[in-house]
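# Summary of the model geometry
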Amino acid sequence: MNSSIPCTITSITKITTLTLSTILVIFLLIGCNYNDEPAGNHQHEHLKDKHKTEDYHKKEVLYSLPGLKHGLLQSPINILSDQSEKGKHNVTFHFKDKINKVDNLGHTVQLDFEPGSTVQIDNKIFEFKQIHFHTPAEHLIDGITYPMEMHVVNTLVGQTESEKETTEYTVFSFLFKMGRENRFIDEFIRLIPGTKDESKGVLTGTVHLRDLIDYDPQKVLNSYFYYKGSLTTPPYTESVNWFVMKTIIDASPGQIQQINKIEGDNARRIQAQYGRPVSYK
Ligand SMILES: [Zn+2]
């Protein structure tokens, strides 16, 4: 019965506190705005603030997208399968599958191709350059992060990787889940140099990329998501044709952990898509 009295007291106290706070804020505001400057200077200050805000936004853009002129085509992205549209590219491989070097680059494990393997995408020819790994995966599919991603990097014929700011790339991306031991990884894992920035020559014919997939590789290569993006490491060049394979490849937990132990967690964060279309085949 009497419970309403303390409640009312509380309400009054609340209202009083609120009113006092409001008065205090008004005083503070008046105090802040008060100065001896003529009215014209207020406007000047206001404009200065406006410029400050604009500068801030400019810095924000430069901060999140270093070294880029436009910067709306960054990678990786979270691929939403139900928002991708059917599309098709003519992809023809002239692949010799010759790997001649394994590198411990510290930030990644890399394998190098002997020159001479190419892939034609529509009317452009790209040359196979290198394969490297990210742990965990960089691209997400429908919000799922996989434990590892492998990038097969190809550059447009006639351009070199040293012209990183302008080179056009095609990257085939393979996502891994923990499962069976992967034959391809098994062929080179013991050859990875133990020291950072060291390379080890590989006898050609001993490490085969085709061993990545136990079943028909054509099926895997014919089923992908495609979008235009960037390199995921500096200088984040925005001229990459990304083919993210839909088939998730198996590798054993031990293999994934061993690669992660060398390169650490080297996945770039998901980038905004900015309305970029993603197609699938
Ligand atoms: Zn990569």
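These numbers were taken from a predicted model, which means no experiment stands behind them.

Calculation rules
- Residues numbered from 1 in each chain as written.
- Predicted model: local features only at pLDDT ≥ 70, side-chain atom pairs only at ≥ 80, totals over all residues.
- Heavy atoms only, no water.
- Helix = DSSP H or I, 4+ residues; strand = E, 2+ residues; numbered from the N terminus.
- Buried < 20%, exposed > 50% of the residue type's maximum accessible area, 1.4 Å probe, protein only.
- Areas by Shrake-Rupley, 256 points an atom, 1.4 Å probe, with all protein chains shown as cover.
- Contact = heavy atoms within 4.5 Å.
- Pairing = 2+ DSSP bridges.
- Phe/Tyr/Trp six-rings, centres within 6.5 Å; stacked < 30°, edge-to-face > 60°.
- Lys NZ or Arg CZ within 6 Å of the ring centre and 35° of its normal.
- Salt bridge = Lys/Arg side-chain N within 4 Å of Asp/Glu carboxyl O.
- Core = buried A, V, L, I, M, F, W, Y, C linked by side-chain atoms within 4.5 Å.
- Polar contact = N/O pair within 3.5 Å; in protein donor to acceptor, adjacent residues only side chain to side chain.

As a further point, take the overall build of the protein chain. Scanning the protein chain from N- to C-terminus turns up five helices and 15 strands. Within the protein chain, buried positions represent 39% of all 281 residues. Of the roughly 16,400 Å² of accessible surface on the protein chain, 58% is carried by carbon and sulfur atoms.

This part covers the environment of Glu127. Along the chain, Glu127 turns up in strand β7 (residues 124-134). In this structure, the C-alpha to C-alpha distance between Glu127 and Val157, residues 30 residues apart in sequence, is 5.9 Å. Not counting residues within four places of it along the chain, the set of residues in contact with Glu127 comprises Pro115, Gly116, Ser117, Thr118, Val153, Asn154, Thr155 and Val157.

Looking down a regular strand, the side chains alternate between one sheet face and the other. Among the six residues that make up strand β12 (residues 224-229), five are buried, leaving the element largely enclosed by the rest of the structure. Two elements, β12 and strand β13 (residues 240-245), share six bridges in a ladder whose sense is antiparallel. Opposite Tyr226, over in β13, you have Phe243 as the bridge partner. Where β12 meets strand β15 (residues 279-280), two bridges bridge the pair, whose relative direction is antiparallel. Bridge pairing in β15 places Tyr226 opposite Ser279.

In this section: the side chain of His208. Summarising the element assignment, His208 is placed in the loop between β11 (198-201) and α4 (217-221). Setting aside chain neighbours within four positions, we find His208 in contact with Asp97, Phe184 and Glu187.

Describing an aromatic ring pair means giving the distance of the ring centres and the angle of the ring planes. Applying the stated criterion across every chain yields a total of twelve aromatic pairs. With centroids separated by 5.3 Å and ring planes inclined at 75 degrees, the aromatic side chains of Phe113 and Phe128 adopt a geometry described as edge-to-face. In this pair, Phe113 is assigned in strand β5 (residues 109-113) and Phe128 in strand β7, connecting sequence segments 15 residues apart. Accessibility classification places Phe113 together with Phe128 in one group, the buried group. One aromatic cluster is present, formed by Phe93, Phe95, Phe113, Phe128, Phe172, Tyr224, Tyr226 and Phe243 through successive ring pairs. When the ring centre of Phe225 is taken as origin, the NZ or CZ atom of Lys246, which lies over that ring, is 5.2 Å away.

The next subject is the pattern of salt bridges. Applying the stated criterion across every chain, the model contains eleven salt bridges. Of the charged contacts in the structure, one is a salt bridge between Asp211 and Arg183, with a shortest N-O distance of 3.4 Å. In this pair, Asp211 is assigned in the loop between β11 and α4 and Arg183 in helix α3 (residues 183-188), connecting sequence segments 28 residues apart. For Arg183, a relative accessible area of 45% puts it in the partly exposed group. Residue Arg183 pairs with Asp214 through a salt bridge whose shortest N-O separation is 3.7 Å. Of the two residues, Arg183 sits in helix α3 while Asp214 sits in the loop between β11 and α4, which places them 31 residues apart along the sequence. According to the relative accessible area criterion, Asp214 is exposed, its value standing at 51%. Connected through shared salt-bridge partners, Lys101, Asp103 and Asp112 make up one network.

Judged by nonpolar contacts, the single largest core of 38 residues is most densely connected at Phe133, Phe174 and Phe184. When neighbours within four sequence positions are excluded, Phe184 is seen to be in contact with Ile99, Leu111, Ile131, Phe133, Met150, Val207, His208, Leu209, Asp211 and Leu212. In this structure, Ile79, Val171, Leu175 and Val278 belong to the second largest nonpolar core, which totals 17 residues.

In this section: the pairing of strand β10 (residues 169-178). Burial within β10 is extensive, with eight of its ten residues counted as buried. Where strand β9 (residues 148-156) and β10 come together, eight bridges link them in antiparallel fashion. Each bridged residue has a counterpart across the sheet, and for Val153 the counterpart in β10 is Val171. In this structure, β10 lies alongside strand β14 (residues 249-251), joined through three bridges in parallel fashion. If you follow Lys177 over to β14, its bridge partner there is Asp250.

As a further point, take the side chain of Asn104. Mapping Asn104 onto the fold places it in strand β4 (residues 99-104). Since its relative accessible area comes to 4%, Asn104 is described here as buried. Here the side chain of Asn104 touches Thr195 through a polar contact of 3.3 Å, landing on its backbone oxygen. Residue contacts for Asn104: discarding those within four places in its chain leaves Ile192, Pro193, Gly194, Thr195, Lys196, Asp197, Glu198 and Ile262.

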